[in-house]
Amino acid sequence: MSQHVLPPDADAPAPVWLYDGACAFCSRWVLFVLRREAAPQIRFVAFQSDEGRRLAARHGVDPAATDSFLFVEHGKALVKSDGVAAVCARLRRPWSFAAFITLLPRPLRDWAYDLIARNRHLLAGKQTFCMAPPPEWRARVVGPDAAPPRDFRPSV
């Protein structure tokens, strides 16, 4: 099983998606999800930030291995295709139907995930700047070398 169960983190009640802040493909997916979330709850944290490195290490993921996908909710860390499916389930329709990828065998899903992860820089390039989200989303996005917002709580 590709999840690690830890006690919920009282300082981070919102679900958290750790992403590669230097990856244009990953940053575009962050914006995609921000625009299509059913309820604005997910926090997006770059692996390259202090908070990202701490969260990755806490859940047994090498913070330098930014080809990993880590989605943390209620103390559960979901990786690879399980994490992607959990994020998709939080999107508005029809995008939420992508969560049905969990009906496929995990080895097949994770193989496809690994293929995309290995080639993500070829698909969209690498960026040397931090994505600057619009003001209404800034409290939910922690870029590289940024401090986590202290007052963020889900609005639902």
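Parameters and conventions
Residues numbered from 1 in each chain as written. Predicted model: local features only at pLDDT ≥ 70, side-chain atom pairs only at ≥ 80, totals over all residues. Heavy atoms only, no water. Helix = DSSP H or I, 4+ residues; strand = E, 2+ residues; numbered from the N terminus. Expected span 1.5 Å × (residues − 1). Buried < 20%, exposed > 50% of the residue type's maximum accessible area, 1.4 Å probe, protein only. Pairing = 2+ DSSP bridges. Phe/Tyr/Trp six-rings, centres within 6.5 Å; stacked < 30°, edge-to-face > 60°. Polar contact = N/O pair within 3.5 Å; in protein donor to acceptor, adjacent residues only side chain to side chain. Contact = heavy atoms within 4.5 Å.

Trainee: I'd like a description of helix 1 (residues 24-36), backed by residues and values.
Mentor: Over its 13 residues, helix 1 runs 18 Å from end to end, which matches the ideal 18 Å to within 8%, given 1.5 Å per residue. Those residues of helix 1 that fall on the buried side of the exposure criterion are Ala24, Cys26, Ser27, Val30, Leu31, Phe32, Val33 and Leu34.

Trainee: Account for the pairing of strand 5 (residues 76-79), naming residues and giving values.
Mentor: As paired elements, strand 4 (residues 70-73) and strand 5 share four bridges and run antiparallel to each other. When the bridges of strand 5 are listed, Leu70 appears paired with Val79. Counting the residues in the hairpin turn of strand 4 and strand 5 gives two residues, including His74, whose phi is positive at 50°.

Trainee: Describe the packing of aromatic side chains, and please don't skip the residues or the numbers.
Mentor: Counted by the stated rule, this structure contains five aromatic pairs. For the ring pair Trp29 and Phe32, a centre distance of 4.8 Å and an interplane angle of 65° mean the geometry is edge-to-face. Linking Trp29 with Phe32, this pair stays in helix 1, spanning three residues, or about one helical turn. Trp29 gets classed as partly exposed once you look at its relative accessible area, which sits at 37%.

Trainee: Please set out the side chain of Glu37 residue by residue, giving values where relevant.
Mentor: Mapped onto the elements of the fold, Glu37 is located in the loop between helix 1 and strand 3 (43-46). For Glu37, a relative accessible area of 5% puts it in the buried group. Polar side-chain contacts of Glu37 include one of 3.2 Å to the backbone nitrogen of Gln41. For Glu37, the residues in contact, after removing those within four places along its chain, are Ile42, Phe44, Arg90, Leu91, Arg92 and Arg140.

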